[in-house]
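Below, each chain spelled out in residue letters.
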Amino acid sequence: MTNELFTIRDARPDDKAVLDGYANLEGMDAIPSIEGVRVAVNEDDEVVGFVRIALADDGTAFVNPVITHETWRGFGVGRALMEEALERHGELRLVSRGGSLPFYEALGYERIGWDLIEMSLVDDCDHCEMREECGPVPVRKVL
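One numbering rule holds for all chains: residues counted from 1, following each sequence as written. Local features in this predicted model are restricted to residues of pLDDT 70 or higher, and side-chain atom pairs are both shown and tallied only at a pLDDT of 80 or more, whereas totals for entire chains, interfaces and linings draw on every residue. As a rule here, side-chain values cover all heavy atoms of the structure and leave hydrogens and water aside.

Comments concerning the overall build of the protein
For step 1, the next point in the chain: Helices and strands together make up the secondary structure of the protein, namely four helices and seven strands.
For step 2, the next point in the chain: The way it works is that DSSP assigns letters per residue, a run of H or I at least four long becomes a helix, a run of E at least two long becomes a strand, and they are numbered from the N terminus. Starting at the N terminus and walking to the C terminus, you meet the elements of the protein as β-α-β-β-β-α-β-α-β-α-β.
For step 3, the next point in the chain: Against the globule reference of 15 Å for 143 residues, the protein gives a C-alpha radius of gyration of 14 Å, in line with a compact fold.
For step 4, the next point in the chain: By principal-axis analysis of the C-alpha atoms, the protein measures approximately 40 × 30 × 30 Å.
For step 5, the next point in the chain: Here the term buried applies to any residue with accessible area under 20% of the maximum for its type, exposed to any over 50%, and partly exposed to those in between, with areas from a 1.4 Å probe on protein chains only. Counting over 143 residues, the protein shows a buried share of 45%.
For step 6, the next point in the chain: By definition, residues are in contact when any of their heavy atoms lie within 4.5 Å. Residue pairs in contact within the protein that sit at least 24 positions apart in sequence constitute 61% of those at least 6 positions apart. Radius of gyration here is computed from C-alpha atoms only, and the compact-globule reference equals 2.2 Å multiplied by the residue count raised to the power 0.38.

Next up, the structure:
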């Protein structure tokens, strides 16, 4: 996918350090691998955002995570990554955390029950000491 400011492509091994750095800036652990990762890059091929899709045994696609570098927020990077992932998979599920719920709701995601979340693919919210502050909400969108 291409727009005037960025292009979306598969992540490459040399992107991994940048992806881990972006995750770290958001208070997350390093991503386990570049498998299922699509990146948005600027005209100099520098990563400005990424989405990682993990597949459940039944093929359901889970977003974990989607991150846009703070200097690129507001330029449609996150929206484009999510729309492209939805087109590729037909349905996306995720757990919204912190202040991200309005972003997902603006994209048309709907709240769902925890029973539709594959807990092996997302962080375990039940035992997290920051659950109340984080306010996790399971959501999904189907094409």
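Text resumes after the structure shown.
Observations regarding the pattern of salt bridges
A side chain with one charge can pair with a side chain of the opposite charge if their charged atoms come near.
For step 1, the next point in the chain: The salt bridge definition used is simple: a Lys or Arg side-chain nitrogen within 4 Å of an Asp or Glu carboxyl oxygen. A full pass over the atoms with the stated rule returns 13 salt bridges.
For step 2, the next point in the chain: The partner of D10 in a salt bridge is R38, and the shortest N-O contact between them spans 2.9 Å. On the criterion of sequence distance, the pair formed by D10 in strand β1 (residues 7–10) and R38 in strand β2 (residues 37–41) is long-range, its members being 28 residues apart.
For step 3, the next point in the chain: Overall, the relative accessible area of 12% leaves R38 in the buried class.

What about the side chain of D20?
For step 1, the next point in the chain: In this fold, D20 is placed in helix α1 (residues 16–25).
For step 2, the next point in the chain: Ignoring any residue separated from it by four or fewer positions in sequence, one finds D20 in contact with A30 and I31.

Some words on the sheet that holds strand β5 (residues 91–96)
For step 1, the next point in the chain: The seven strands lie next to each other as β1-β2-β3-β4-β5-β7-β6, forming an open sheet whose pairing is mixed. Looking at the sheet topology across the chains shown, the edges are occupied by β1 and β6 (110–111).
For step 2, the next point in the chain: Both strand β3 (residues 47–55) and strand β4 (residues 61–68) contribute to a ladder of six bridges, which runs antiparallel. Bridge pairing links F50 to I67 in β4.
For step 3, the next point in the chain: A fitted line through C-alpha atoms serves as each axis, taken over the contacting stretch for helices, and the angle formed by two N-to-C directions is quoted from 0 to 180°. Its contacts with the sheet put α1 on β2, β3 and β4, and the angle it makes with β3 is roughly 90°.
For step 4, the next point in the chain: Against the sheet, helix α2 (residues 77–89) engages β1, β2, β3, β4, β5 and β7 (137–142), with an angle of about 30° to β3. What makes two strands pair is DSSP finding at least two bridges between them.

Regarding the layout of surface pockets
For step 1, the next point in the chain: Its volume calculated, the largest pocket comes out at about 930 Å³.
For step 2, the next point in the chain: Put plainly, a pocket is an open set of points on a 1 Å grid over the protein atoms alone with protein on both sides within 12 Å along at least five of seven lines, a cavity is a set where a 1.4 Å probe fits but cannot get out, and a lining residue has an atom within 4 Å of a point. Lining the largest pocket we find 33 residues, and of these E26, M28, P65, V66 and I67 sit closest to its centre.
For step 3, the next point in the chain: Contributing elements (two or more residues each) for the lining of the largest pocket: β4, α2, β5 and α3 (101–106).
For step 4, the next point in the chain: Looking at which element gives the most residues to the lining of the largest pocket, the answer is β4, with six residues.
For step 5, the next point in the chain: Residues are sorted three ways: Asp, Glu, Lys and Arg are charged, Ala, Val, Leu, Ile, Met, Phe, Trp, Tyr, Cys and Pro are nonpolar, and all the rest, Gly among them, are polar. In terms of residue class, the lining of the largest pocket is made up of 17 nonpolar, nine polar and seven charged. Grid points are joined across faces, edges and corners, and a volume is the space filled by probe spheres set on the points.

What to know about the pairing of β4
For step 1, the next point in the chain: Most of β4 is tucked away: eight of the eight residues are buried.
For step 2, the next point in the chain: Counting the residues that bridge the hairpin from β3 to β4 gives five residues, and of these G59 lies at a positive phi of roughly 90°.
For step 3, the next point in the chain: Viewed with both strands pointing away, a crossover whose connecting path from the first strand over the helix to the second turns clockwise is right-handed. The β-α-β motif built from β4, the intervening α2 and the parallel element β5 has right-handed crossover chirality.

Some details on the nonpolar core
For step 1, the next point in the chain: Here, the term nonpolar core denotes a set of buried Ala, Val, Leu, Ile, Met, Phe, Trp, Tyr and Cys residues that are joined through side-chain atoms within 4.5 Å. Of all hydrophobic cores here, the largest spans 24 residues; its most connected members are F6, V63, M82, L92 and Y109.
For step 2, the next point in the chain: Those elements that provide at least two residues to this core are β3, β4, α2, β5, α3 and β7.
For step 3, the next point in the chain: Take this core: its biggest share by element is six residues, from α2.
For step 4, the next point in the chain: If we skip the residues at most four places from it in the chain, M82 touches V51, V63, V66, L92, L94, F103, Y104, L107 and Y109.
For step 5, the next point in the chain: A23, I31, V47 and I67 belong to the second-largest nonpolar core, a separate cluster that totals 11 residues.

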